[in-house]
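Tertiary structure, described
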Amino acid sequence: MADIRGNFAGIKSPNPFWLASAPPTDKYINCRRAYEAGWGGVVWKTLGEDPPVVNVSSRYGAWHDGNRRLMGLNNIELITDRPLDINLQEIKQLKSEFPDRALIVSLMVPCEEESWKRILPLVEATGADGIELNFGCPHGMSERGMGAAVGQVPEYVEMVTRWCKQHSRMPVIVKLTPNITNVLNPARAAVKGGADAVSLINTINSIMGINLDVMAPEPVVDGKGTHGGYCGPAVKPIALNMVAEIARTADTRHIPISGIGGITTWRDAVEFMVLGAGNVQVCTAAMTYGFRIVEEMIDGLSQFMDQRGFATLDDFRGMAIPNVTDWNQLNLKYVSKARINQDLCIQCGRCHIACEDTSHQAITAEKDGKRFFEVVDSECVGCNLCAHVCPVPECITMVQTDAGTEYQNWTSHPNNPMRVAAE
Amino acid sequence: MNEISPARLSSGELAENFSDAHPRLNPQQALVASDRCYFCYDAPCVKACPTSIDIPSFIRKISTGNLVGSASDILEANIMGGMCSRVCPTEILCEDACVRNLNEHAPVDIGALQRFATDHLFEAGIQLFERKAPTGRKVAVVGGGPAGLSCAHALAVEGHDVTVFEAREKLGGLNEYGIAAYKVPNNFAQREVDYILAVGGITVKTGLALGKDIQLADLRRDFDAVFLGLGLGAVRSLGIGDESLKGVEPAVDFIARLRQADDLAAIPVGARVIVIGGGNTAIDAATQAKKLGADEVTLVYRRGAENMSATTVEQDWAKTNGVRIRYWSKPVAIESAGGAVTGMVFERSDTGARFTLAADMVLTAIGQVLAPPSLGAGDVLEMTASGRFAVDDNQATSLAGVYAGGDCVGNGKDLTVAAVEDGKIAARAIHARLTA
Ligand SMILES: Cc1cc2nc3c(=O)[nH]c(=O)nc-3n(C[C@H](O)[C@H](O)[C@H](O)COP(=O)(O)OP(=O)(O)OC[C@H]3O[C@@H](n4cnc5c(N)ncnc54)[C@H](O)[C@@H]3O)c2cc1C
Ligand SMILES: Cc1cc2nc3c(=O)[nH]c(=O)nc-3n(C[C@H](O)[C@H](O)[C@H](O)COP(=O)(O)O)c2cc1C
Ligand code: SF4
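Remember, it's a predicted structure, so these values are computed and weren't measured experimentally.

About the cut-offs
Residues numbered from 1 in each chain as written. Chains lettered and ligands numbered in written order. Predicted model: local features only at pLDDT ≥ 70, side-chain atom pairs only at ≥ 80, totals over all residues. Heavy atoms only, no water. Contact = heavy atoms within 4.5 Å. Buried area = accessible area lost by both parts, 1.4 Å probe. Salt bridge = Lys/Arg side-chain N within 4 Å of Asp/Glu carboxyl O. Polar contact = N/O pair within 3.5 Å; in protein donor to acceptor, adjacent residues only side chain to side chain. Helix = DSSP H or I, 4+ residues; strand = E, 2+ residues; numbered from the N terminus. Patch = residues over 30% accessible without salt bridge, like charges linked within 9 Å, V, L, I, M, F, W, Y side chains within 5 Å. Areas by Shrake-Rupley, 256 points an atom, 1.4 Å probe, with all protein chains shown as cover. Near = heavy atom within 4 Å. Pairing = 2+ DSSP bridges. Axes fitted to C-alpha atoms, helices over the stretch in contact; angles between N-to-C directions.

Let's talk about the interface of chain B and chain A
Listed by partner, the interface residues are 12 residues for chain B and 16 residues for chain A. Carbon and sulfur atoms supply 58% of the area buried between chain B and chain A, which totals about 1,200 Å² over both sides. Summed over the three residues of chain B that lose the most area to chain A, namely Tyr38, Tyr41 and Asn103 of chain B, the buried surface amounts to 50% of that side. Viewed at the interface, chain A and chain B are joined by zero salt bridges. If you look at where chain B meets chain A, you find four residue pairs in polar contact (both at pLDDT 80 or more). Where the side of chain B that touches chain A is concerned, the elements lending two or more residues are helix 2 (27-35) and helix 8 (100-104) of chain B. A total of three residues in the side of chain B that touches chain A trace back to one element, the largest contributor, which is helix 2 of chain B.

Shown next as structure tokens:
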């Protein structure tokens, strides 16, 4: 049986599935239920200084597919709206009742050393395993000079991280905001400030949609709306890329990464882990389905590891990193063509019209006067759009047609005015 | 003993039995169903619809919340899109062609979605069509069924003045007098007629029969063109005995009576009913007899299930409702006592063995035929081998300016949707002729 115990920046947990700092981790009762359901750790909902913030109603916008599956969620919630001492008492009680689980406390206080000096000992006294610095919240808090406002300025990230390391013994995880042009800048700052780990991503600045009756952004609060933080399945690709960038860049690659963003299944989690994440955090999936989803995540991960012969998480962590490269390193001599499996084809013709209207006119729609869809190899550039618009899984596949013996990338390609001579 | 009697069931049971056979999708069901459409290229379903409704387009509009646009796609192609969504045998038309059948054996619910969109439009009371400026040209439409009304509507929209002559009291043809009651509850047929007439330019004259109250020659003289949508006025008889016995009657008459009843409890039905035939009419008569409270209803057909013109779905529907179907049996004699039917003798077509079924009611549904109205001297309409009006691709008959469509020309389909298409094509040809 696979050993899925996690050790993230020195913080141990029975499995790598943590709940991200958010409403699911806002109170003792929620966190206890989460632990009972099997979650390996929780990152407590971000604490701030008293007096607590005040939240609005409603707080969420959502993007659904036609079956009302929640593809994306956006929120305009702030950090905890409960007094600090109540939170601290509950954290302490929780940790004492579940000593084997990871309990991290997320923090966001003003960008002044005194504020951090004040709160860190209080958190440490709860027995929590570590802290996570919320530099990511894109709304509400950033307007007060906290959250993303700090996370977007690498110098502040470094400075606050350093304070935390100075004034506390606890491991420090820096949570990064995706609302920047290059995630490496704040990641490097975290490294410089002495962070034990980074976690990413926090939510993405967004307007979820406009209510056309009220002519205001969703969620509408008394006739008005505002930009909020986007999360859920839709943000996973953005999160994966940012994780990969940190994991494959020389001066950041050694720092432990807690992967966050759209994780809903064991497979999502494994994808983050093979890109270097030491563990993962989940918010929207739990908010959509409840805590029980962790059972599938644990079981799916264990089955995957057993089937692939991985004994521990370290056995596969980062395995895909060497294969994440820059575009200019891709082999331009590699050729693949689309193949339509006629036994599976249901004749919807979507491949044809997609290729005909928007690509390379490489799929015919008729043969011997009958509806029939077939790839014309000489026209097919192997873009694989057809395979994605095809509604039948595995019906259109991409098949390599070159001999597999040649390699040439853009750096040495004759069409590249800035080419370098091939070695 | 003849046991034909009304009120076999309580009015509550009857209301339940004759309520909407396939209730409208709720908005969530419609969303899920519409999301299943793949928006196929050159979609096979469109080709399978006799009126070529742009199905992917109307379904996509449902999924985006554009119900008026959706209904417009439907009604522009088929003015009876509302009726058709209720009565079309979609399992042999659009839904049979759906590519979802291939891997999933479950087509997109096209008929139900069509109803969802059109119901919305009718209930919102939105008139989609605007009549063009009057042209002063006049067209006579004889027969106010699907073919006639479709033709009349399209011509009225073009600005021509249309007069519809209808022999019966109400417009709608078999929509009003023939279609099974549970397919069109809440007076849908008349609501649809009202929608069609509301475009304006259509004068309705009911209670006037061609060949009796009006003559073709007069119509040809007084109008610029004539369209005949007469349907099939006569029924085939069994030819095995006295069909005037008490308890024996054509299924269409039984159904028409039922459709026109204000109170279903007033419609008499037998305790043991035999229905002879293999089409829609037989299925509908048998099912409705059962739903009225008959103890035993047996549908007897001379050949096998696959030979029936009623689809498998329709046969299953009858069976689900408690109708027993006997295949490969043909009627050879009617038994009676005191002027009333008591049973029927059948012969197995395979073994030749005979069996008798007791019955107090026998409904015959072995086919309707055209009863050509007397046309008066001089006017001769060419007929097909099967005894219907012969027409060309434009629905033009052998008489100049006279067009025909629907069941009376018999393109072999005898479906509401086919009649609507005929009317539409004829209107196009008449319009071209009047504006040439
Ligand atoms: C019992 C039954 C159930 C059916 N169920 C279905 C179904 O579920 N789905 C489906 O698609 N199809 C069904 N059909 C077939 C469908 O109803 C017909 O194909 C369709 O109604 C044909 O339309 P039409 O306009 O040609 O004729 P009709 O609907 O028959 O209309 C003809 C009209 O012309 C009038 N008329 C006739 N002679 C004259 C005259 N001399 N002068 C003036 N007016 C005249 C009639 O009174 C009638 O109103 C069913 C038919 C029957 C009998
Ligand atoms: C309603 C809501 C409130 C959140 N509040 C916080 C917070 O207080 N602190 C924080 O660091 N992240 C917060 N987040 C961000 C989540 O922790 C997480 O980074 C983000 O939702 C992405 O993960 P997911 O796609 O699994 O939801 C919040 C998210 C949601 C949906
Ligand atoms: S891979 Fe691209 S070019 Fe080739 S057939 Fe598919 S869509 Fe057309």
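Points about a nonpolar patch on the surface
Taken together, the side chains of Ile207, Ile210, Leu212 and Met215 of chain A make up a nonpolar region of the molecular surface, amounting to roughly 450 Å² of accessible area. In this structure, Ile207 of chain A sits in the loop between strand 11 (204-206) and strand 12 (210-211).

Details of the environment of Gln260 of chain B
Residues and elements named next belong to chain B. Of note, Gln260 is situated in helix 14 (residues 251-260). Taking the C-alpha atoms as reference, Gln260 lies 9.5 Å from Ala181; in sequence the two are 79 residues apart. Sequence-distant contacts of Gln260, defined by excluding residues within four places in its chain, comprise Lys170, Glu176 and Tyr177.

Things to note about the site of ligand 1
Residue and element names in this part refer to chain B. If you check the shell around ligand 1, you find 34 residues, and the closest are Val87, Glu166, Lys183, Leu210 and Asp407. A distance of 3.2 Å separates an oxygen atom of ligand 1 from a polar backbone atom of Asp414. Thr416 places a main-chain nitrogen or oxygen 3.1 Å from an oxygen atom of ligand 1. For ligand 1, whose unbound accessible area comes to 990 Å², protein coverage reaches 93%. For the shell around ligand 1, the secondary structure elements donating two or more residues are helix 10 (146-157), strand 2 (161-166), helix 14, helix 15 (280-291) and helix 17 (416-435).

Details of unusual backbone geometry
Residue and element names in this part refer to chain A. The residue after Asp50, namely Pro51, is reached through a cis peptide bond having omega -10°. On the secondary structure map, Pro51 appears in the loop between strand 4 (41-47) and strand 5 (60-64). For the bond from Leu200 to Ile201, the omega torsion is 15°, close enough to zero to count as cis. Topologically, Ile201 is positioned in the loop between strand 10 (197-200) and strand 11.

Considering the sheet that holds strand 6 (residues 248-250) of chain B
Paired through backbone hydrogen bonds, the strands of a sheet run either parallel or antiparallel to each other. Residue and element names in this part refer to chain B. Strand order across the open sheet formed by five strands is 6-13-7-8-9, with parallel pairing between neighbours. Of all the strands in the sheet, just strand 6 and strand 9 (323-326) have a single pairing partner and so form its edges. With direction set aside, neighbouring strand axes in the sheet form an average angle of 20°. Sheet analysis places strand 8 (residues 296-300) next to strand 9, joined by four bridges and oriented parallel. Of the residues in strand 9, the one forming a bridge with Val300 is Arg326.

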